[in-house]
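Summary of the model geometry
The primary structure of each chain is shown beneath.
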Amino acid sequence: MRKQSFLRKSVSLASVISLLTIPLLSTQASAYYGHAAIEPAVTNLTTKDWVSAQSNSGDPKLATDQDLNTYWEASLKAGQNSIEIDLGGTYRGMRKVGVVFPSLHGEYRYKLEASGDGVSWFTLSDHSAKGITGGEDVLITQSAGIRYLKATLLGVSNGAIPGIAELRINNYILKENLTVGADISWDTSFPNRIYTTENRTDSPSSDGRMIGTMQETGMSLVRFRIWNQPRDENTGAPVGNVNGSMNPEDTLNKSLYANGIGMKVGLDFHYSDSWADPGKQVKPQGWKGLSYEELVEAVYNFTYDVTAAHIEAGVTPKYVQVGNEIINGMMWGNEKIATGLEPNYAKNDPSYFAEQGGELLWEYWDSADPEEQAAYDAAWDRFTGLVDAGLRAAKAASPASKTKIHVIVSTNRLAKTIEFWNQLTHRLQEDYNNNFDIMSISYYPEWHGKMSDLTTYLHAFATEFPDYELAISETSHPAAGGESATGYPNSVQGQADFMTDVMRACNDTINNACSTMLVWEPAIWQSMFTRIGNTDYWQANDSTRVFREAYSKQILESNLYLTTKLYQTPSLPKIVRLLDVETNEVVNTAVTWDPVAAESYSALGSFAVTGTTASGKVTAQIAVIMDTRVLENLMDNFIKSKELSGPLVPQLTNSLKQVQHHLKKGALNSAMKFVDQYLTHLNRASNDKNISPNARETLAEHARLLLEELHKADSLKK
């Protein structure tokens, strides 16, 4: 069993030690609505299910089990002294590796290496010649190609356990790796509203438009949905106004504004006159009477015309999305009866379903009935033809734009979505010599599972379809409104935590496959704004700061491992190292430490001290050790107080020198014999006149502690 204990043994305090009082840094209050505590998001990748460890000795999993009390035990024989971690893929944000050894007081000689392919290795940290105490944080300036890490243990000091307690491989969210944005199609729907990040109504932070205000919070991309001829869902009457209608003209107006302030634009074709989602995909009224072939042509022309109009106006879309949440197909026709979820205007008009369309017949998936399987395949043929038309049109109109397909993964239905991607990608390539760039999903915990499920979905797609970029095209969480069943409170803090975790899930996908996260409609649906009184001002929730503050600009060496002798005030460094992500340079930053209580280092074992830097907190793990110098210091004190005198002084001094001499040689047994000799001198009756009872008891107690430590070291060697 490889289990360790850090129990501390209390001993008497030898002297009074002064304490320092250190002020803490203060932070400014937020100008946003409510309050949320937001820190840069970081993930220890060894917590991921797909990360594996291997070694020729011991149990390597114990170095990644998140338990400091267990450890991978290494053999110091060549070929049996390394542990290798496979992350399952690469991570651009992997900028720090924490190494913790089993004995915080021990000195370890080791080497940490990295590789992209498991064959060619380069060094991250080399302590082959001079060991380090307890562990270290290794800051990495470049990590885009790292998949494997290897730690090789070369030697340990007397009394230290050979092995590694924990490897913490840290992945950070970096601005260049993850794009955050939102669908803000309702931007033109509320012309009287003024959106702001300020807490006063007389001075908004921008021109008051939702798009510009979201840019202030840190978003850099907006998505706009496109309806063909927008109409009322109940009556079917066309929406007369342009602003807020989501028709092509309204979309272009919003795109021009967003492009003008430097935001990227994404287009979301619904191919409908109103909402299109997994439960309803209704043809536009103008297309309902078209044959299938005419429908394909209409998709091509509409997609081309809208996209080309953007190009002509000076807006090159970042991406063009063909269909919205089309897991069940799009522009349903006469494939089967309606679901009953359609808008009233279509539900009551059978002509919408008179001709063939693009509905997928999932009820026939894997059917043993030849006719049902044929119907399943035919439905896929029709659907793929419609998708191909949209993709071809988008690429013809804007070759620089990426193309995106957007679906969902219902709870416990990952296999269905994998089947969707397999069918669509193979059919596009084999039947049309066509493809697309981005696989994307919606993620709402109410319908799509827990946050861990989202991580599973993204990992499955990145593994099964490594040639595609991934994106979360829609997500949201409420900041108010009663009880929550999602695991996140319906509060500003809950909203912030949820958004941070979605960003983290995307960022932690292997091979940096997930590039984008989009919030759905922060104007209304699970809004990220709160109305200020009865005014027309809407103030951004404090949770929107996540779109800046979940990113890491600087990565701190946040764990230090030090030793101090029993009763000795620990020496804490005035600076720690810091990785500046923008410059890729490691620099120094000042640290201010909390006061250290004398009781902390008056007992063998370990304790932690917290430090504060301008970039965050630092923890120093300090091991309190017993060695011969503790006895030397105690003897000096007793000599000065005249409690130790006469011939006993050279007797004890000579024994202690012999202990030190043999320890340097690594001769533990000989060192222990001279500690026994030290105790014999102390306890000899003829020396009673040369030592006080207090001095004798204290020196004997500490000599026995030293002997105990040497016995432990000797047992480890065996």
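Residues numbered from 1 in each chain as written. Predicted model: local features only at pLDDT ≥ 70, side-chain atom pairs only at ≥ 80, totals over all residues. Heavy atoms only, no water.

1. Topic: the overall build of the protein
Counting its secondary structure elements, the protein contains 14 helices and 33 strands. Taking 2.2 N^0.38 as the reference for a compact globule, 718 residues should give roughly 27 Å; the C-alpha atoms of the protein span a radius of gyration of 34 Å, well beyond that estimate. For the protein, the spread of C-alpha atoms along the principal axes amounts to about 115 × 65 × 40 Å. The buried share of the protein, reckoned over its 718 residues, is 55%. Contacts in the protein between residues far apart in sequence, at least 24 positions, make up 75% of those at least 6 positions apart. Here the protein displays about 30200 Å² of accessible surface, and carbon together with sulfur accounts for 49% of that area. (Helix = DSSP H or I, 4+ residues; strand = E, 2+ residues; numbered from the N terminus. Rg over C-alpha atoms; globule rule 2.2 N^0.38 Å. Buried < 20%, exposed > 50% of the residue type's maximum accessible area, 1.4 Å probe, protein only. Contact = heavy atoms within 4.5 Å. Areas by Shrake-Rupley, 256 points an atom, 1.4 Å probe, with all protein chains shown as cover.)

2. Notes on the sheet that holds strand β25 (residues 529-531)
Reading across the sheet, the three strands line up as β15-β26-β25 and stay open at both edges, with mixed pairing between neighbours. The sheet is open, and its two borders are formed by β15 (194-196) and β25, each paired with just one other strand. With direction set aside, neighbouring strand axes in the sheet form an average angle of 30 degrees. Across three bridges, the pairing between β15 and strand β26 (residues 537-540) is parallel. (Pairing = 2+ DSSP bridges. Axes fitted to C-alpha atoms, helices over the stretch in contact; angles between N-to-C directions.)

3. Regarding the state of the cysteines
As enumerated under the stated definition, the model contains one disulfide in all. In this model C506 forms its disulfide with C514; the gap between the sulfur atoms is 2.0 Å. Negative torsions about the S-S bond denote left-handed disulfides, and the value of about -100 degrees found for C506 with C514 makes this one left-handed. Taken as a pair, C506 and C514 share a single burial class, namely buried. (Disulfide = S-S within 2.5 Å.)

4. Considerations on the packing of helix α3 (residues 292-313) against helix α5 (residues 370-397)
For the pair α3 and α5, interaxial distance at closest approach is 8 Å and the crossing angle is 25 degrees. On the basis of the axis angle, α3 is roughly parallel to α5. The handedness of the crossing between α3 and α5 is right-handed. Of the residues in α5, those touching α3 at Y292, L295, V296, V299, Y300, T303, Y304, T307, A308 and I311 are D381, R382, F383, G385, L386, A389, G390, R392, A393, A394, A396 and A397. Broken down by class, the residue content of the contact of α3 with α5 amounts to 15 nonpolar, four polar and three charged. (Parallel < 35°, antiparallel > 145°, perpendicular 65-115°, else oblique. Left-handed = near helix turned anticlockwise from the far one by under 90°. Nonpolar A, V, L, I, M, F, W, Y, C, P; charged D, E, K, R; others polar.)

5. Structural notes on the sheet that holds strand β27 (residues 554-556)
Within the open sheet, the three strands sit side by side as β27-β29-β30. Their pairing is antiparallel. Edge positions in the sheet fall to β27 and β30 (585-590), since each has one partner strand and no second. Strand-to-strand, the axes of this sheet are offset by a mean angle of 35 degrees, without reference to chain direction. Both strand β29 (residues 575-580) and β30 contribute to a ladder of six bridges, which runs antiparallel. Bridging across to β30, V576 finds its partner in T589.

6. Observations regarding the packing of helix α6 (residues 414-432) against helix α8 (residues 451-464)
Across the interface, α6 lies against α8 with an axial gap of 11 Å and an inter-helix angle of 30 degrees. Considering their axes alone, α6 and α8 lie roughly parallel with respect to each other. As α6 runs across α8, the sense of the crossing is right-handed. Where α6 abuts α8, its residues L414, T417, I418 and W421 lie against T456, Y457, A460, F461 and E464.

7. Points about the nonpolar core
If you look at the biggest cluster of nonpolar residues, it comprises 131 residues, and the most contacted ones within it are I405, F420, M503 and F547. Excluding anything up to four places from it in sequence, F547 contacts K175, V180, M214, T217, G218, M219, M499, M503, M517, V519 and M528. By size, the runner-up hydrophobic cluster in this structure holds 47 residues, among which are V591, V659, Y678 and L707. (Core = buried A, V, L, I, M, F, W, Y, C linked by side-chain atoms within 4.5 Å.)

8. Regarding a negative patch on the surface
The grouping of E293, E294, E297 and E355 at the surface amounts to a negative patch. For E297, the location among the structural elements is in helix α3. (Patch = residues over 30% accessible without salt bridge, like charges linked within 9 Å, V, L, I, M, F, W, Y side chains within 5 Å. Salt bridge = Lys/Arg side-chain N within 4 Å of Asp/Glu carboxyl O. Lys, Arg positive; Asp, Glu negative; His and termini not counted. Charge placed at Lys NZ, Arg CZ, Asp CG, Glu CD.)

9. Thoughts on the environment of K712
Examined against the element boundaries, K712 turns out to sit in helix α14 (residues 693-717). The class for K712 is partly exposed, based on a relative accessible area of 44%. Sequence separation between K712 and L562 is 150 residues; the distance between their C-alpha atoms is 21 Å.

10. Some thoughts on unusual backbone geometry
In this structure, E521 is a non-glycine residue whose phi angle is positive, near 50 degrees. Within the element layout of this structure, E521 appears in the loop between β24 (514-520) and β25. At Q526, a position not held by glycine, the phi torsion is positive, near 45 degrees. Relative to the assigned elements, Q526 resides in the loop between β24 and β25.

11. Details of a nonpolar patch on the surface
A surface patch of nonpolar side chains, amounting to about 300 Å² of accessible area, comprises W447, I524 and W525. Secondary-structure assignment places W447 in helix α7 (residues 445-448).

12. Quick word on the pattern of salt bridges
Tallied over the full model, the rule gives 26 salt bridges. Here K254 makes a salt bridge to D250, at a shortest N to O gap of 3.1 Å. Residue K254 and its partner D250 are both found in helix α2 (residues 248-260); the two are separated by four residues, about one turn of the helix. Here K254 falls in the buried class, since its relative accessible area comes to 0%. Between R629 and D627 there is a salt bridge, and its shortest N-O distance comes to 3.0 Å. Residue D627 is classed as buried on the basis of its relative accessible area, which comes to 13%.

13. Digging into the packing of aromatic side chains
Using the criterion set out here, one finds 28 aromatic pairs in the structure. Residues W275 and W520 carry aromatic rings whose centres are separated by 6.0 Å and whose planes lie at 65 degrees to one another, so their mutual orientation is edge-to-face. Remark: W520 occurs in strand β24 and W275 occurs in the loop between β17 (264-269) and α3; sequence separation between them is 245 residues. Judged by its relative accessible area of 23%, W275 is partly exposed. Its relative accessible area of 12% is what places W520 among the buried residues. Aromatic side chains Y345 and Y352 sit 5.7 Å apart centroid to centroid with 55 degrees between the ring planes, which places their arrangement in the tilted category. Taken as a pair, Y345 and Y352 share a single burial class, namely buried. Each residue in the set W362, W365, Y376, W380, F383, F420, W421, F436, F461 and Y468 is aromatic and connected to the rest through ring pairs, giving one cluster. (Phe/Tyr/Trp six-rings, centres within 6.5 Å; stacked < 30°, edge-to-face > 60°.)

Note that all results are geometric; they support no functional claim without further evidence.
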